[in-house]
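Examination of the molecular architecture
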Amino acid sequence: MKLNDMSPAFNVSPKENYCSTDSLTGSKGNNTGLCDTDGPLFRTMTVSLEEGVASAMGVIGTAFSLGLLSPIARGIYGTEFDESAYALAAREAVKKVDLENMFLALSTHNKRAGSAYTHLIEKLDKTTSVIRENVSIKTVDNSKIYTQSVGEEKVRVSIQNKPENPSSGISKAWASTGEMDALFNAYITQLGNDVKFSLTCYPINNWQTKIDNCTKTWRLDQKIAKHQVVYSIESQNKRLLDFTPRYHNEDIVLYTSGGDQTLYIENKSDSFIDLMSLSIYINNDVSTYSNINMQLSPHTYRSVRSLHRFENFRKNMALYTVTKDDLMKKYRLGAAVKYRITGPNSEKTMLEYEEKSGLSLGERP
């Protein structure tokens, strides 16, 4: 029973078990294990036939056991908590136990267990700090393009088998003060014996990484020595190259601006300019924006189109499993603008190319 209110310390909910019976007189069939009512405390048993199984003839046949005419009916065996029987037993138990001394002993043991748990938590925190101080991280950049060191936040100390607080998560039962003493003594003695410290190493986003020496574990009272975790950076999973053209002739300037790499054209001339088409060159791939039908006044500029809207632009500017060797390769980049200056026979084209390595192009976020 629970000492705070003398209520049962076990389940008192009603239960139903289904089992085969040979007759209503209680003879059990094959599923006798489900029919047993021995064991549960303070329970009374009720029996009824399953609805729809026993017909009127079946009931008669079952009740009088009429040989071949007797069907096998399924019985519903229900058990209910007997409050009166429990209350009587509780009163008798209280007479045999010195509750005042038991409460005093329980209070003392609770304080002991709480103090021991508080001391353990302090010890766990201190040990975690010592492990952090003795664990270092080494960064090995095999990709030759990882420009920083792996941060301390990537390696964390984890605690396994941490005991629960005895004031909230420990359930004990005993039949005497002596048993209670033994239970609490055992709890305090073994407190923290199963605790282990381990490392959790997190991967680096967008980088292929090999992590060594991250399987180290420590016991609570173990001496903490220096330990090094090694992060080997093998390659970058995906890299978007940054193409920022700025081409010009005597009439116009083509350049990009803004986070979406929008292309702008500036009219440097004293005449109106009609834009006809714009092409972007990446190596052997050409993507053209035709029929622009845009006019620029003298000495003005307008946005024309974002680079990512050109066919295959993202595909051509994306690299996968990237190392420095990949970025040393050259890219042939360029643009062509077809336009007309107001006046007869004034159709013109500006075409410019450049060659840049992946490293010089930089990286798009």
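Note that residues are indexed from 1 along each chain, following the sequence as it is written. With the structure being a predicted model, the display of local features is reserved for residues of pLDDT at least 70 and the display and counting of side-chain atom pairs for 80 or more, all residues being used for whole-chain, interface and lining totals. Here the side-chain values reflect all heavy atoms present in the structure, with hydrogen atoms and water set aside.

Details of the overall build of the protein
- Numbered from the N terminus, helices here are DSSP runs of H or I no shorter than four residues, and strands are runs of E no shorter than two. The secondary structure content of the protein amounts to 9 helices and 19 strands.
- Within the protein, the proportion of its 365 residues that are buried is 35%.
- Contact definition: two residues touch when any of their heavy atoms are within 4.5 Å. Sequence-distant contacts in the protein: of pairs separated by 6 or more residues, those separated by 24 or more amount to 69%.
- For accessible areas, the Shrake-Rupley method is used with a probe of radius 1.4 Å. Any residue's cover is judged against the shown protein chains and nothing else. With an accessible surface of roughly 22000 Å², the protein has 48% of that area assigned to carbon and sulfur atoms. Exposure is judged per residue with a 1.4 Å probe applied to protein chains only, and the accessible area is read against the type maximum: over 50% gives exposed, under 20% gives buried, and values in between give partly exposed.

Structural notes on the packing of helix H4 (residues 99-134) against helix H6 (residues 177-190)
- Contact geometry for H4 and H6: axes closest at 10 Å, N-to-C directions at 5°. As summarised for this structure, H4 and H6 are arranged roughly parallel, according to the angle between their axes. In this structure, H4 contributes Met102, Ala105, Leu106, His109, Asn110, Arg112, Ala113, Ala116 and Tyr117 to the contact, and H6 contributes Thr177, Met180, Asp181, Phe184, Asn185, Tyr187 and Ile188.
- By the convention adopted, Pro, Cys, Tyr, Trp, Phe, Met, Ile, Leu, Val and Ala count as nonpolar, Lys, Arg, Asp and Glu as charged, and the other residues, Gly among them, as polar. Partitioned by chemical class, the residues of the contact of H4 with H6 number 10 nonpolar, 4 polar and 2 charged. Angular values range over 0 to 180 degrees, each being the angle between N-to-C directions of two axes fitted as lines to C-alpha atoms, with helices fitted over their stretch in contact. Geometric relationships in this document are graded by angle, where less than 35 degrees denotes roughly parallel, more than 145 denotes roughly antiparallel, 65 to 115 denotes roughly perpendicular, and other angles denote oblique.

Some points on the pairing of strand S11 (residues 252-257)
- Among the 6 residues in S11, 5 count as buried, and that is most of the element.
- Examined bridge by bridge, strand S10 (residues 246-248) and S11 share 3 bridges and lie antiparallel to one another. Each bridged residue has a counterpart across the sheet, and for arginine 246 the counterpart in S11 is tyrosine 255.
- Strands qualify as paired when DSSP identifies two bridges or more between them. In this structure, the hairpin formed by S10 and S11 is closed by a connection of 3 residues.
- Of the strand pairs in this sheet, S11 and strand S12 (residues 262-267) are connected by 6 bridges, and their pairing is antiparallel. Within S12, the residue paired with tyrosine 255 across the bridge is tyrosine 264.
- What sits between the antiparallel neighbours S11 and S12 is a turn of 4 residues, in which glycine 258 has the positive phi angle 95°.

A few points about unusual backbone geometry
- Of note in the backbone geometry, asparagine 283 takes a positive phi value of approximately 55° without being a glycine.
- Locating asparagine 283 in the fold gives a position in the loop between strand S13 (273-282) and strand S14 (285-289).

Some words on the nonpolar core
- The nonpolar core is taken to be a set of buried Ala, Val, Leu, Ile, Met, Phe, Trp, Tyr and Cys residues, with the residues joined through side-chain atoms within 4.5 Å. Counting residues in each nonpolar core, the largest one holds 63 residues, and the members touching the most others are Leu199, Leu254, Leu275 and Val337.
- In this structure, leucine 199 is in contact with Ile131, Val135, Val155, Arg156, Val157, Asn213, Cys214, Lys216, Trp218, His227 and Val229, ignoring residues within four places of it in sequence.

Focus on the packing of aromatic side chains
- Pairing of aromatic rings covers Phe, Tyr and Trp, the last counted by its six-membered ring, and requires centre-to-centre distances within 6.5 Å; plane angles under 30 degrees mean stacked, over 60 mean edge-to-face, and any other angle means tilted. The final tally for this structure, using the stated rule, is 4 aromatic pairs.
- Taking 5.0 Å as the distance between ring centres and 85° as the angle between the ring planes, the aromatic pair formed by tyrosine 146 and tryptophan 207 counts as edge-to-face. With tyrosine 146 in the loop between strand S4 (135-141) and strand S5 (155-160) and tryptophan 207 in strand S7 (residues 207-212), this pair connects stretches of sequence that are 61 residues apart. Assigned by exposure class, tyrosine 146 and tryptophan 207 land together as buried.
- A connected cluster of aromatic rings, assembled from ring pairs, spans Tyr255, Tyr264 and Tyr301.

Thoughts on the sheet that holds S12
- Reading across from one edge, S10-S11-S12-S16 is the order of the 4 strands in this open sheet, with antiparallel pairing throughout. At either margin of the open sheet sits one strand with a lone partner, and together these are S10 and strand S16 (301-306). Direction aside, the axes of adjacent strands within the sheet are offset by 20° on average.

Digging into the environment of phenylalanine 313
- Inspection of the secondary structure puts phenylalanine 313 in helix H7 (residues 313-317).
- Ignoring sequence-local partners within four residues, the contact set of phenylalanine 313 consists of Phe243, Gln261, Ile282, Leu307 and His308.

Remarks on the pattern of salt bridges
- Criterion for a salt bridge: a side-chain nitrogen of Lys or Arg within 4 Å of a carboxyl oxygen of Asp or Glu. A full pass over the atoms with the stated rule returns 8 salt bridges.
- We note a salt bridge from arginine 239 to glutamate 363, for which the minimum N-O separation is 3.5 Å. With arginine 239 in strand S9 (residues 227-240) and glutamate 363 in the segment after helix H9 (358-361), the pair connects residues that are 124 residues apart, well separated along the chain.
- With a closest N to O distance of 3.0 Å, lysine 348 and aspartate 251 form a salt bridge. With a gap of 97 residues between them, lysine 348 in strand S19 (residues 347-357) and aspartate 251 in the loop between S10 and S11 connect regions that are remote in the sequence.
- You can call lysine 348 partly exposed: its relative accessible area is 31%.
- Residue classification places aspartate 251 among the buried positions, given a relative accessible area of 7%.
- Residues joined in a network through salt bridges with shared partners are Glu250, Asp251 and Lys348.

Considering the sheet that holds strand S8 (residues 217-219)
- With antiparallel pairing, 3 strands are arranged side by side in an open sheet as S5-S6-S8. Whereas interior strands pair on both sides, the edge strands pair on one side only; in this sheet they are S5 and S8. Neighbour to neighbour, the strand axes of the sheet diverge by 25° on average, direction disregarded.
- As paired elements, strand S6 (residues 196-201) and S8 share 3 bridges and run antiparallel to each other. Directly across from lysine 196, in S8, lies its bridge partner arginine 219.

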